[in-house]
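Inside the fold
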Amino acid sequence: MTQVPVVELKDLDLAYVTDREAVLALEAMNLTVSSGEFISLVGPSGCGKTTLLSVIAGLLPPSRGEILVHGKPVQGPSPEVGYMLQQDYLFPWRSILENALLGLELTGRLNEESRSSVLELLDGMGLGNTANQYPHQLSGGMRQRVALVRTLATNPDLLLLDEPFSALDYQTKLQLEDLVVDTLRQRGKTGILVTHDLSEAIAVSDRVIVLAARPGRIRKTYVIPDNIAKAQPFYAREEAGFNDLFHEIWRDLETLEGKGE
Ligand code: ADP
Ligand code: MG
């Protein structure tokens, strides 16, 4: 039996309509993401990366075409899909544990069992002793780990990550890349990452999708060779073929940046 893809976009358009104009943000998008796959979206600013994640998350209805998650048309946000943003958006007046429990609270699934699984998650991310602390007492990297725990707490099958590492220092970013990829792989989750760091995209992904702007559309898909895709992100950068691939996609991105505006 063939598995139903986790995400399917079929000829999808998304237009933002305001009282003065309509902006076609995504045009004729076709994309299939399989279970357990990790893909990255790269492309110039304004090419529709965030818009695409919001459509998949059920926050924006498509103007044309279809978006299916687990074979069913997306009707709105669902607990099966977790969305993690660049900024951690932790509530300053809530403790770390209370922040991590938020999604469970909002979906009415907070109980003794789910609460102890979140404590375990915090522990596993080296945050066990911060449960009763407050966001301002933590570093940026620790706060992003809390946001990751909060995203994982509701046990979504698909994770959408919008530049989750871009505000972090380089070392913390590398550590978090490894942590996120390990966590998703161990749990068999599917991931879609938006990043402007091409080396990160190649290091963490099975496929890198290059988008072009105005209107946002898929320009090219790069399948990452197994030796790179299966390595831990930190070591993937040292694998054979990494640099050649980096330069190939870089050139592709350069031609896109140079056009239009
Ligand atoms: P990216 O994340 O790749 O930088 P976005 O998805 O944020 O791109 O934006 C894609 C395009 O849609 C841009 O041209 C942007 O100006 C436009 N856009 C984004 N959000 C809105 C909105 N809420 N209303 C109108 N236009 C928008
Ligand atoms: Mg964006």
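The rules we used
- Residues numbered from 1 in each chain as written.
- Chains lettered and ligands numbered in written order.
- Predicted model: local features only at pLDDT ≥ 70, side-chain atom pairs only at ≥ 80, totals over all residues.
- Heavy atoms only, no water.
- Helix = DSSP H or I, 4+ residues; strand = E, 2+ residues; numbered from the N terminus.
- Expected span 1.5 Å × (residues − 1).
- Buried < 20%, exposed > 50% of the residue type's maximum accessible area, 1.4 Å probe, protein only.
- Contact = heavy atoms within 4.5 Å.
- Pairing = 2+ DSSP bridges.
- Axes fitted to C-alpha atoms, helices over the stretch in contact; angles between N-to-C directions.
- UniProt positions renumbered as here; feature names shortened; annotations may be inferred.
- Near = heavy atom within 4 Å.
- Polar contact = N/O pair within 3.5 Å; in protein donor to acceptor, adjacent residues only side chain to side chain.
- Areas by Shrake-Rupley, 256 points an atom, 1.4 Å probe, with all protein chains shown as cover.

End to end, helix α6 (residues 170–186) covers 24 Å across 17 residues, agreeing with the expected 24 Å (1.5 Å per residue, within 8%). Among the residues of α6, T172, K173, L174, L176, E177, D178, V180, V181, T183 and L184 are the ones counted as buried. Against the buried residues of α6 lie β3 (38–42), α5 (140–153), β7 (158–162), β8 (190–194), α7 (198–204) and α9 (233–236). Note on α6: the residue one or two positions beyond its end, G188, has a positive phi of about 65°.

Once that is clear, we can look at the sheet that holds strand β2 (residues 22–33). Backbone hydrogen bonds are what pair the strands of a sheet, in a parallel or an antiparallel way. Pairing in this open sheet of four strands is antiparallel, and the strands run β2-β1-β4-β5 from one edge to the other. Every other strand in the sheet has two partners, leaving β2 and β5 (72–73) as the edge strands with one partner each. As paired strands, strand β1 (residues 7–17) and strand β4 (residues 64–69) are joined by five bridges and run antiparallel to one another. Bridged to L9 within β4 is I67. Across the face of the sheet, helix α1 (residues 49–56) comes into contact with β1, β2 and β4 while running at roughly 115° to β1.

The next thing to look at is the UniProt feature "domain: ABC transporter" (unreviewed entry) in the chain. Per the UniProt record, the feature "domain: ABC transporter" (unreviewed entry) sits at residues 9–240. Structurally, residues 9–240 comprises 33% helix and 26% strand, and the distance from its first C-alpha atom to its last is 33 Å.

Bringing the sheet that holds β3 into the picture now. Read from one edge to the other, the open sheet built from six strands follows the order β6-β7-β8-β3-β9-β10, with strand pairing classed as mixed. Only two strands of the sheet have a single partner each, and these edge strands are β6 (81–84) and β10 (217–223). Neighbour-to-neighbour, the strand axes of the sheet open up by a mean angle of 20°, direction not taken into account. With five bridges joining them, β7 and β8 adopt parallel strand pairing. Directly across from L161, in β8, lies its bridge partner L193. Packing of α5 onto the sheet brings it into contact with β6 and β7, and relative to β6 it is tilted by some 165°.

All residues in the neighbourhood of ligand 1 are listed as Y16, A25, S45, G46, C47, G48, K49, T50 and T51. C47 has a polar backbone atom sitting 3.2 Å from an oxygen atom of ligand 1. Note that an oxygen atom of ligand 1 is positioned 2.9 Å from one of the side-chain N or O atoms of T50. The fraction of the free accessible surface of ligand 1 (560 Å²) that becomes covered by protein chains is 61%. Looking at the shell around ligand 1, the element that brings in the most residues is α1, giving three residues.

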